[in-house]
Amino acid sequence: MCSSDLHCSALVRITEGFADLMVGHTTWDDYSKMTRIFKYYHFVLPFAWTKADHIGFSSYPGTLWSSDNFYILSSGLVITDTQLEILNPKVYDRIPDFPSNPKIPNFFHVMAVNRMAGTGNHWTSLFAERNSGTGNAQWMVVDYNVFLPNEPLKDNTVWLVEQVPGVTEQQDISGVLRNKGYFASYNRPYFTQIRDETGHTAAEARHGTLYSYANAPRGQIFARIGVSVQNLFDMRTVMTRNSYPNEGTFPSAAGQLCPLAWTWSDIRRSRTGGSTP
């Protein structure tokens, strides 16, 4: 069961000398999605104990949430995801039928977590409290409150959480960025347990690197060019590139990208009422 809705890539990049921390996200689709707009919500909710009252996100007319899943929060967090395909349909048997198992819509849950969370660990923990078994995805949470330019990346700066039916796994991946300089997301599970549950481990053994995390086509591309990103212009260039069929990956796969990128300096401007790109 390969989903036809997997059309996102994301990149978190710590530049040389820990000078800047950037987040890029790209979503591509058909021409019906050319109505994309950037929205800002400013809702002050007295006595609600929310951490974020300003939320900026890419979205579409008539939708209350991002749909692309790229959020910039006044709490200092940036949230983004890429969807995960389920190759093993049996995992859906874990989802009890409605109404015996009532749920709130997944986007309601995400928007509530966005408002309530104060740190990356807090966001992933709140998110993991409810697993509807739908909207399965790999979420990255970047906490700009922890980041200091030109200082080594601290633990708890970047958190990752993956959700599939019946299983949620989360981890601080700041060490991955310190060692590799980046973390990329492209619709492939990262955690071993999640890969086993979704069928990616078996699919990789049977069909090859197309279903791997590290060596999937986009994994190969990010491994080659991810560390080249040093500024916002580089991030936009990487996230909009399309060199098919001359990308040099195996298996070869086409793709077209749309840019969404954010840096530490942009976060500061947005939180102090300054202009944003």
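Since the structure is predicted, the reported quantities are computational estimates derived from the model, not experimental observations.

What follows is about the overall build of the protein chain. Along the protein chain, the regular secondary structure elements total eight helices and 11 strands. Within the span of the protein chain, comprising 277 residues, buried residues form 47% of the whole. A sequence separation of at least 24 residues applies to 61% of the contacts in the protein chain between residues at least 6 apart. Accessible area of the protein chain: about 13100 Å², with a carbon and sulfur share of 55%.

Moving on: the nonpolar core. The biggest cluster of nonpolar side chains holds 40 residues, and the ones touching the most others in it are Leu 11, Leu 21, Val 142, Leu 177, Phe 183, Phe 222 and Val 238. Looking at this core element by element, the count peaks at four residues for strand E1 (residues 8-14). Grouped together as the second largest cluster of nonpolar side chains are 20 residues, Ala 52, Phe 57, Leu 73 and Ile 79 included.

Residues of helix H7 (residues 232-240) that are buried include every one of Leu 232, Met 235, Val 238 and Met 239, and no others. Down the axis of H7, the buried set is contained in an arc of 125°. They therefore lie on one face. Sitting at the head of H7, Asn 231 places a side-chain oxygen 3.1 Å from the backbone nitrogen of Phe 233.

Confidence in the prediction of the protein chain, expressed as mean pLDDT, is 88, and 88% of residues score 70 or more. Scored below 50 in pLDDT, residues 272-277 makes nine contacts in the model with residues more than four places away or belonging to other chains.

This brings us to the environment of Val 238. Structurally, Val 238 is set in helix H7. Separated by 13 residues in the primary sequence, Val 238 and Ile 225 place their C-alpha atoms 7.5 Å from one another.

Applying the stated criterion to the full structure yields 15 aromatic pairs. Consider the rings of Tyr 41 and Phe 57, whose centres lie 4.8 Å apart with planes at 85°: the pair is edge-to-face. Taken together, the residues Tyr 41 in strand E3 (residues 37-42) and Phe 57 in strand E4 (residues 54-59) connect sequence positions 16 residues apart. The pair formed by Tyr 41 and Phe 57 is uniform in burial state, with each residue classed as buried.

Two elements in contact, helix H1 (residues 106-116) and helix H2 (residues 120-128), have axes separated by 9 Å at closest approach and are oriented at 150°. The orientation of H1 relative to H2 falls into the category roughly antiparallel. Between H1 and H2 lies a crossing of right-handed hand. Contacts between H1 and H2 pair His 109, Val 110, Val 113, Asn 114 and Met 116 from the former with His 122, Trp 123, Leu 126 and Phe 127 from the latter. Residue composition of the contact of H1 with H2, by class: six nonpolar, three polar and no charged.

What follows deals with unusual backbone geometry. Not every positive phi belongs to a glycine, and Trp 49 is a case in point at roughly 60°. Looking at the secondary structure, you find Trp 49 in the loop between E3 and E4. You will see that Ser 67, though not glycine, has its phi angle at about 75°, which is positive. Mapped onto the secondary structure, Ser 67 falls in the loop between E4 and strand E5 (70-73). Residue Ser 67 is classed as partly exposed on the basis of its relative accessible area of 34%.

Moving on to the side chain of Thr 80. As for its position among the elements, Thr 80 is in strand E6 (residues 77-83). For Thr 80, a relative accessible area of 1% corresponds to the buried category. A polar side-chain atom of Thr 80 sits 3.1 Å from the main-chain carbonyl oxygen of Asn 69. Every residue in contact with Thr 80, bar those within four places of it in the chain, is listed here: Ala 10, Val 23, His 25, Asn 69, Phe 70, Gln 138, Trp 139 and Met 140.

Taken together, the side chains of Leu 64, Ile 104 and Phe 108 present a nonpolar region at the surface, about 280 Å² in accessible area. Relative to the assigned elements, Phe 108 resides in helix H1. Overall, the relative accessible area of 43% leaves Phe 108 in the partly exposed class.

If a strand is regular, its side chains alternate between the two faces of the sheet. Where burial is concerned, most of E4 is hidden: five out of the six residues are buried. Of the strand pairs in this sheet, E3 and E4 are connected by six bridges, and their pairing is antiparallel. Residue Tyr 41 lies in a different strand from E4, and its bridge partner there is Ile 55. The pairing of E4 with E5 spans three bridges and is classified as antiparallel. Paired with Ile 55 across the strands is Leu 73, a residue of E5.

Criteria and thresholds
Residues numbered from 1 in each chain as written. Predicted model: local features only at pLDDT ≥ 70, side-chain atom pairs only at ≥ 80, totals over all residues. Heavy atoms only, no water. Helix = DSSP H or I, 4+ residues; strand = E, 2+ residues; numbered from the N terminus. Buried < 20%, exposed > 50% of the residue type's maximum accessible area, 1.4 Å probe, protein only. Contact = heavy atoms within 4.5 Å. Areas by Shrake-Rupley, 256 points an atom, 1.4 Å probe, with all protein chains shown as cover. Core = buried A, V, L, I, M, F, W, Y, C linked by side-chain atoms within 4.5 Å. Arc of directions from axis to C-beta. Polar contact = N/O pair within 3.5 Å; in protein donor to acceptor, adjacent residues only side chain to side chain. pLDDT = per-residue confidence, 0-100. Phe/Tyr/Trp six-rings, centres within 6.5 Å; stacked < 30°, edge-to-face > 60°. Axes fitted to C-alpha atoms, helices over the stretch in contact; angles between N-to-C directions. Parallel < 35°, antiparallel > 145°, perpendicular 65-115°, else oblique. Left-handed = near helix turned anticlockwise from the far one by under 90°. Nonpolar A, V, L, I, M, F, W, Y, C, P; charged D, E, K, R; others polar. Patch = residues over 30% accessible without salt bridge, like charges linked within 9 Å, V, L, I, M, F, W, Y side chains within 5 Å. Salt bridge = Lys/Arg side-chain N within 4 Å of Asp/Glu carboxyl O. Pairing = 2+ DSSP bridges.

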